[in-house]
Amino acid sequence: MRGHFIDDAVYVYKLNYNCGPLSDGMAQAGYEFLKALSPDIKKRVVMKPNVTVPSDIDSGIITHPAFISGMIDYLKEIGIKPDDIMVAEGGGDNIMDEYYDKGGYTEVARKQGIKLVNLNLDESIVHKMPSAEYLKEIGIAKTVKENYFINVPKLKTHNLAVTTLCMKNLMGTITPPEIRHLCAFPKEYGNRWHEITPSGIELREEVLCRRLCDLAKASVPDLNIVEGIIGRDGTAFHHGKNIQTNLVVGGKNPTSVDAVTSYLMGFEPSAIGYLKIAFQRGLGEINIEKIKIYEINDSSVKICDDINKYMSPIPFEVLAWDKHVRDIPLNKEMLKRQQVST
């Protein structure tokens, strides 16, 4: 696959259910997916998982550490030394040691001999973006800017963004951390939170979506890999349920990867605010029929003949902060399956 990695393509992989213990399956999936893509890596590697809250290894809330460990196994296999491999994250506050410990990353780092980085304390590289809608000037962590950057989010829903995948996972790369909370509503907008915008969503969601699109111009991964062996719905945090999809989705373009992943979660990508705005701003294709989709099967990579065979067994629900289910449009395939099941 080396030299054949296509920038605008999206790659899907499904873990064999007969893989043994979940942790073994996670490591297997991380290893096999990265090996199949075989990206041309010529410098130090930093992997940025989703470890934004202190959560147990198998909570379904964070990127599973065994998945990252499997990726590390492949990197070592191609000759990258442990000293040149990092896992970096900026959680909700500066206490990343607690997050890494509880989430199993400290143990992975010890066994693999790699370094854990706290992006909350990282040096900032400032980007000035006059054409941005909200983030005219923003700092991005030096660690992710100066190394081969693999963005490894968890497959989850979010109370405001609907899905939290590649684009939203980039929030953890913003420095300093006090300006990282893109969900915060601008004070100058007063109490207009629930005002419906021309995009058909509430103003507070629109603001987040447009900020995420600004961020995508400044924080640009070399590769995105969504760990979706176990997905999480609800609010993205401690309210919701885990759904076993056995999926991994990846590619160069975070917008297109997010569109395909959102589709496989059961949603209509064009109905998700940040994806719709990202497409309008030329950040990537979101129409499933227009995206080049490849499937990884038995270490081979070929054009995907039917993306629907990778669909989640049930649709993901999105819970608002008040724990009420949000009415998010499902795609036609998931709607058809729902009708058959009832």
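Our structure's up above, just so we're on the same page.
The notes below deal with the structure included here. (Residues numbered from 1 in each chain as written. Predicted model: local features only at pLDDT ≥ 70, side-chain atom pairs only at ≥ 80, totals over all residues. Heavy atoms only, no water.)

Sheet strands pair by backbone hydrogen bonding; their relative direction is either parallel or antiparallel. Strand order in the open sheet made by the 3 strands is E5-E6-E10, with antiparallel pairing throughout. Here the strands that pair on one side only, and so sit at the sheet edges, are strand E5 (124-128) and strand E10 (174-175). The pairing of strand E6 (residues 137-141) with E10 spans 2 bridges and is antiparallel. Across the sheet, residue Gly139 finds its bridge partner in E10, namely Thr175. (Pairing = 2+ DSSP bridges. Helix = DSSP H or I, 4+ residues; strand = E, 2+ residues; numbered from the N terminus.)

Going through the model one piece at a time under the given rule, you end up with 6 aromatic pairs. Residues Tyr31 and Tyr74 carry aromatic rings whose centres are separated by 6.3 Å and whose planes lie at 70° to one another, so their mutual orientation is edge-to-face. Taken together, the residues Tyr31 in helix H1 (residues 22-37) and Tyr74 in helix H2 (residues 65-77) connect sequence positions 43 residues apart. When its relative accessible area of 2% is taken as the criterion, Tyr74 is described as buried. On the numbers, 5.6 Å between centres and 55° between planes, the contact of Phe185 with Trp193 is tilted. In this structure Phe185 comes out as buried when scored by relative accessible area, which is 15%. The class of Trp193 is partly exposed, set by a relative accessible area of 40%. An aromatic cluster of three or more residues is present, and its members are Phe185, Tyr189 and Trp193. Across from the ring centre of Phe237, 5.4 Å away, lies the NZ or CZ of Lys156, which sits over that ring. Note that Arg192 overlies the ring of Tyr189, its terminal NZ or CZ placed 5.3 Å from the centroid. (Phe/Tyr/Trp six-rings, centres within 6.5 Å; stacked < 30°, edge-to-face > 60°. Buried < 20%, exposed > 50% of the residue type's maximum accessible area, 1.4 Å probe, protein only. Lys NZ or Arg CZ within 6 Å of the ring centre and 35° of its normal.)

A few words on the pattern of salt bridges. Taken as a whole, this structure holds 22 salt bridges when the rule is applied. Here Glu206 makes a salt bridge to Arg210, at a shortest N to O gap of 2.7 Å. Note that Glu206 and Arg210 are positioned in helix H7 (residues 203-218) at a spacing of 4 residues, about one turn of the helix. Accessibility classification places Glu206 together with Arg210 in one group, the buried group. Taking the shortest distance from any N to any O, the salt bridge between Lys302 and Glu295 comes out at 3.7 Å. A network of salt bridges, in which partner residues are shared, links Glu133, Glu206, Arg210, Asp214 and Arg281. (Salt bridge = Lys/Arg side-chain N within 4 Å of Asp/Glu carboxyl O.)

As a further point, take the environment of Leu37. Along the chain, the position of Leu37 falls in helix H1. According to the relative accessible area criterion, Leu37 is buried, its value standing at 0%. In the structure, Leu37 is positioned 259 residues away from Ile296 in sequence and 8.7 Å away in space, judged by C-alpha atoms.

In short, shape yes, function no, at least from these values alone.
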